[in-house]
Amino acid sequence: MLFFQLLYRILTGLLLICALPLLPLMAGKAKYRARLLRRLGFGLKTELNRPAKTISQGPTIWIHALSVGEVTSALPLVRGLRQQLPGLRLIFSATTRSGSEVAASLLSPLVDHLIAAPLDLGPVVPYYLTCIRPDLFILVETDFWPHWIFCLHQRRIPLMLVNGRISARSFSRYQRLSPIFRLMFAKFSLLSMQTENDAQKMRALGLDPARIATLGNLKFDILDNPRVVAEPGTREHLKRAYGFSPSARLWVCGSTHPGEEALIFQVYVQLRQKFADLQLLLAPRNIERAASIQDLARDLGLPCRRRTTDKDTPGPLLLLDTIGELAGCYAMADLVFIGGSLAPFGGHNPLEPAAAGVPVSFGPHMEDFSEISEELIRSGGAGQVKDAAALAQWLEQLLCDQGARDIMGRRALACVEANHGVVDNHIRLIGRLLSEDNRRR
């Protein structure tokens, strides 16, 4: 262990020396300079000395995530910790710039301090630990830094991995370098994995089974209420309220991105040749694009009304150019498409339509929600299509078969309900780790 730590410190030191000629170039750009200095610890004490957002009377938990996907995974856990253990002092860090931006947007009201992740170099990590003095460190999914992990262990700070996952490629790398990775993973007090398959891979590396738990995917608890299926009659009432025919089928496309709306309109025109009464609600991710999307629809001969300007005008095509309404609209849908997935934007959360008991579809780009989308597909509650032509085919099959739509919708809801409660399981183990640490001290 000591040999590996020494070797790692030597290598990172050499890397830093080699990178020194580039530092002035990076520091010359404001966006690099500010972030580089923050990751070296400049301004850390100032941030931590700012008034906390809560009256902290309990332990300090430092939660770290790599990027956007991991920050999104952390949201339900942070929210649960704040609700169930309100006296905690919560500090959150993210490695990437995009992850930090999403953390500022989603987590700022819930955590006491948002900080830049430390560079895994010599005195930087110990300085962070001295300033933060965490009682527990939680790593979300991935982003393993040896020096950081060893410093935490040396200071007898419990480490917990949450939402752990091991891809086939990562597992192959872990096996090739098993002495190194086994040594690093052994420093964790608890390894909470998403699936039993992930847990089995950890055990295959020779780790203590008592420190490995299968608790599920935190992203399944993004919804406060796992069941939002509309009561009988509600679907028809909602359709009327949004200017749709209550008896005609409705296709809802949520959180669409540039390049997708044209494809969706083309599919809609094609489907209307067979299903003349088919209705469409399209909700762009950025409502500032509403005017251009409306012009695009009209160029294709589709009269398109907008929620903000044509609220009382009925019609089969509605552009939802408001914030906060989309989740409620899924309850009146017969079929749903998740945007950001036909074009390479990483997709969006498919749980809201699934919780409404509606069949869900999405394109090939669901990287930000890969585990959830794969689980929905396995459960039979969702379908993934490779392009617009495959999407049209999927929709046509289900539009022709009410029974198939009902079965898929029930399976989508069952998938959400079966995976709900992951946060509570994590918080119970977090409480146990904090109690054990308190007894040690």
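Please read these numbers as outputs of a predicted model, since none were measured by experiment. (Residues numbered from 1 in each chain as written. Predicted model: local features only at pLDDT ≥ 70, side-chain atom pairs only at ≥ 80, totals over all residues. Heavy atoms only, no water.)

A. Quick peek at the sheet that holds strand S12 (residues 335-338). Across the sheet, which stays open at both edges, the seven strands sit in the order S10-S11-S9-S8-S12-S13-S14 with parallel pairing between neighbours. The strands lining the two open edges of the sheet, one partner per strand, are strand S10 (305-306) and strand S14 (382-384). Of the strand pairs in this sheet, strand S9 (residues 279-284) and strand S11 (residues 317-319) are connected by three bridges, and their pairing is parallel. Note that in S11 the partner of Leu 281 across the bridge is Leu 318. (Pairing = 2+ DSSP bridges. Helix = DSSP H or I, 4+ residues; strand = E, 2+ residues; numbered from the N terminus.)

B. Molecular detail of the pairing of strand S5 (residues 159-164). Of all six residues in S5, six are buried, a share of seventy percent or more. Taken together, the four bridges between strand S4 (residues 136-140) and S5 define a ladder with parallel strand orientation. Its bridge partner lying in S5, Leu 139 is registered against Leu 161. Crossover handedness for the path S4 to helix H8 (residues 146-154) to S5: right-handed. Where S5 meets strand S6 (residues 190-193), three bridges bridge the pair, whose relative direction is parallel. Looking at the pairing, Gly 164 lines up with Met 193 of S6. (Buried < 20%, exposed > 50% of the residue type's maximum accessible area, 1.4 Å probe, protein only. Right-handed = clockwise from strand over helix to strand, strands pointing away.)

C. Main features of helix H5 (residues 68-84). With 17 residues, H5 should cover 24 Å at 1.5 Å per step; its first-to-last C-alpha distance of 25 Å lies within 8% of that length. Of all the bends in H5, the greatest, near 30°, is centred on Ala 74, and the proline Pro 76 appears no more than four residues after it. The buried fraction of H5 is high, at 14 of 17 residues. (Expected span 1.5 Å × (residues − 1). Bend = angle between axes of the 7 residues up to and from the residue.)

D. Spotlight on the nonpolar core. Counting residues in each nonpolar core, the largest one holds 38 residues, and the members touching the most others are Trp 62, Phe 144, Phe 185, Phe 188 and Met 202. Looking at this core element by element, the count peaks at six residues for helix H7 (residues 124-132). The residues touching Phe 144, leaving out its near neighbours within four places in the chain, are Leu 139, Ile 149, Leu 161, Tyr 174, Met 184, Phe 185 and Phe 188. Listed in part, the 35 residues of the second largest apolar core include Leu 318, Leu 326, Val 360 and Ala 382. (Core = buried A, V, L, I, M, F, W, Y, C linked by side-chain atoms within 4.5 Å. Contact = heavy atoms within 4.5 Å.)

E. Seen up close, the pattern of salt bridges. This structure, assessed with the given rule, holds 15 salt bridges. Here Asp 112 ties to Arg 82 by a salt bridge, and the two come within 3.2 Å at their closest N and O atoms. Of this pair, Asp 112 sits in the loop between helix H6 (97-106) and strand S3 (113-116) while Arg 82 sits in helix H5; the two residues are 30 residues apart in sequence, bridging distant segments of the chain. In this pair, the class of Asp 112 matches that of Arg 82, namely buried. Across the pair Glu 325 and Arg 307 runs a salt bridge, and its minimum N-O distance is 3.1 Å. Taken together, the residues span a long stretch of sequence, with Glu 325 in the loop between S11 and helix H15 (326-329) and Arg 307 in the loop between S10 and S11 at a distance of 18 residues. Side by side, Glu 325 and Arg 307 carry an identical accessibility label, which is buried. Through salt bridges with shared partners, a single ionic network connects Glu 70, Glu 141, Arg 165 and Glu 371. (Salt bridge = Lys/Arg side-chain N within 4 Å of Asp/Glu carboxyl O.)

F. Representation of the environment of Val 124. One can find Val 124 in helix H7. The spacing of Val 124 and Arg 39 is 85 residues in sequence and 8.3 Å in space, taken between C-alpha atoms. What Val 124 contacts, discounting residues up to four positions off in sequence, is Arg 39, Leu 40, Pro 118 and Leu 119.

G. Just the sheet that holds S3, in detail. The sheet built from seven strands is open, its strands ordered S3-S2-S1-S4-S5-S6-S7 with parallel pairing. Two strands in the sheet have a free side with no partner beyond their single neighbour: S3 and strand S7 (212-214). Going from strand to strand, the sheet's axes swing by 20° on average, the running direction of each strand aside. With four bridges joining them, strand S2 (residues 89-94) and S3 adopt parallel strand pairing. Paired with Phe 92 across the bridge in S3 is Leu 114. (Axes fitted to C-alpha atoms, helices over the stretch in contact; angles between N-to-C directions.)

H. Quick look at the packing of aromatic side chains. In the structure shown here, the tally under the stated rule is nine aromatic pairs. On the numbers, 6.1 Å between centres and 15° between planes, the contact of Trp 62 with Tyr 128 is stacked. In this pair, Trp 62 sits in strand S1 (residues 60-65) while Tyr 128 sits in helix H7, placing the two residues 66 residues apart along the sequence. Here Trp 62 falls in the buried class, since its relative accessible area comes to 0%. Overall, the relative accessible area of 0% leaves Tyr 128 in the buried class. Consider the rings of Trp 62 and Trp 148, whose centres lie 5.3 Å apart with planes at 40°: the pair is tilted. Remark: Trp 148 occurs in helix H8 and Trp 62 occurs in strand S1; sequence separation between them is 86 residues. No difference in accessibility class separates Trp 62 from Trp 148, as the two residues are buried. Three or more aromatic residues joined by ring pairs make a cluster, and in this case those are Phe 144, Tyr 174, Phe 181, Phe 185 and Phe 188. (Phe/Tyr/Trp six-rings, centres within 6.5 Å; stacked < 30°, edge-to-face > 60°.)

I. Just unusual backbone geometry, in detail. In this structure, Glu 141 is a non-glycine residue whose phi angle is positive, near 70°. Among the structural elements, Glu 141 can be located in the loop between S4 and H8. Phi at Asn 163 is positive, roughly 60°, even though this residue is not glycine. Accessibility expressed as a relative area gives 0% for Asn 163, which makes it buried.

J. Focus on the packing of H7 against H8. One way to put it is that H7 packs onto H8 with a least axis distance of 9 Å and a crossing angle of 40°. Between H7 and H8, the interaxial angle falls into the category oblique. H7 and H8 meet at a crossing whose hand is right-handed. Between H7, through Val 125, Pro 126 and Leu 129, and H8, the contact on the second element is made entirely by His 147, Trp 148, Cys 151 and Leu 152. Of the residues assigned to the contact of H7 with H8, the class counts are six nonpolar, one polar and no charged. (Parallel < 35°, antiparallel > 145°, perpendicular 65-115°, else oblique. Left-handed = near helix turned anticlockwise from the far one by under 90°. Nonpolar A, V, L, I, M, F, W, Y, C, P; charged D, E, K, R; others polar.)

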